[in-house]
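Here is how the chains run, residue by residue.
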Amino acid sequence: MAQPVGVRGWLLYICIAFTILGPIKMIEFIHGTSAPIMLATYITIAVTSFIAGLATWATRSSAFLFLRIALVARLLYSFLQVYLGMELARQQFSTTLDLAKQEFMSAAINILLVLLLFFYFRFSKRVRNTFGRNI
């Protein structure tokens, strides 16, 4: 049986998510905020995600570098979400407590996503066969 190789399957979905879906979502977030730190964060995630997805899709040798940068950017964003959630929770208002819960849930999902993506790129046979190694 032939070994999986090329940008297909989960790897193709991840490339689409990094190159198209993720940046589109970040553009939505950019339009919804005016805070400079959040604008910088969303732009950074959109750009790093796009470059990582493009390099992976093109099976460039630089793909793993850009993937690491994109995953670290997403992880740092998760820590920012936890910080914002703690600040909102300290205010003790029902509306801010709901927002804090949303931030904590979003941070947890982002951290889980980063871990899943890291382990996929670390242990995937398709990634190893396509790039000659894993992340």
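Attention here is on the structure that accompanies the text.

### Observations regarding the packing of aromatic side chains
The geometry of an aromatic ring pair comes down to the distance between the two centres and the angle between the two planes.
Part 1: Within this structure, the stated rule accounts for 7 aromatic pairs.
Part 2: Measuring from centroid to centroid gives 6.1 Å for Trp10 and Tyr13, while their planes differ by 90°, and the two rings are edge-to-face. Here Trp10 and its partner Tyr13 are both found in helix α1 (residues 9-31), 3 residues apart, which amounts to about one turn of the helix.
Part 3: For Tyr13, a relative accessible area of 46% puts it in the partly exposed group.
Part 4: A ring pair is formed by Phe64 and Phe131, whose centres lie 5.1 Å apart and whose planes are at 45°; its orientation type is tilted. Here Phe131 lies in helix α5 (residues 125-131) and Phe64 lies in helix α3 (residues 63-90), a separation of 67 residues in the sequence. With respect to class, Phe64 is no different from Phe131; both count as buried.
Part 5: Aromatic ring contacts, followed pair by pair, group Phe29, Tyr42 and Tyr77 into a single cluster.
Part 6: The aromatic ring of Phe123 is capped on one face by Arg122, whose charged end is 5.8 Å from the ring centroid.

### Quick look at the layout of surface pockets
Part 1: The volume enclosed by the largest pocket comes to roughly 780 Å³.
Part 2: Around the largest pocket, the lining comprises 33 residues; the ones closest to its centre are Lys25, Met26, Arg74, Asn110 and Leu113.
Part 3: For the lining of the largest pocket, the elements supplying multiple residues, two or more each, are α1, α2 (36-57), α3 and α4 (94-123).
Part 4: Per element, the largest residue contribution to the lining of the largest pocket is 10 residues, and it comes from α1.
Part 5: Across the lining of the largest pocket, the residue classes tally to 22 nonpolar, 8 polar and 3 charged.

### Section: the environment of Gly9
Part 1: Here Gly9 shows up in helix α1.
Part 2: With relative accessibility at 48%, the residue Gly9 sits in the partly exposed group.
Part 3: Gly9 sits 117 residues away from Arg126 along the chain, and the two C-alpha atoms are 8.8 Å apart.

Quick notes on the rules
- Residues numbered from 1 in each chain as written.
- Predicted model: local features only at pLDDT ≥ 70, side-chain atom pairs only at ≥ 80, totals over all residues.
- Heavy atoms only, no water.
- Phe/Tyr/Trp six-rings, centres within 6.5 Å; stacked < 30°, edge-to-face > 60°.
- Helix = DSSP H or I, 4+ residues; strand = E, 2+ residues; numbered from the N terminus.
- Buried < 20%, exposed > 50% of the residue type's maximum accessible area, 1.4 Å probe, protein only.
- Lys NZ or Arg CZ within 6 Å of the ring centre and 35° of its normal.
- 1 Å grid on protein atoms, 1.4 Å probe; cavity = no way out; pocket = protein on both sides within 12 Å on 5 of 7 lines; lining within 4 Å.
- Points joined across faces, edges and corners; volume = space filled by probe spheres on them.
- Nonpolar A, V, L, I, M, F, W, Y, C, P; charged D, E, K, R; others polar.

Function cannot be read off these values alone, since they describe shape.
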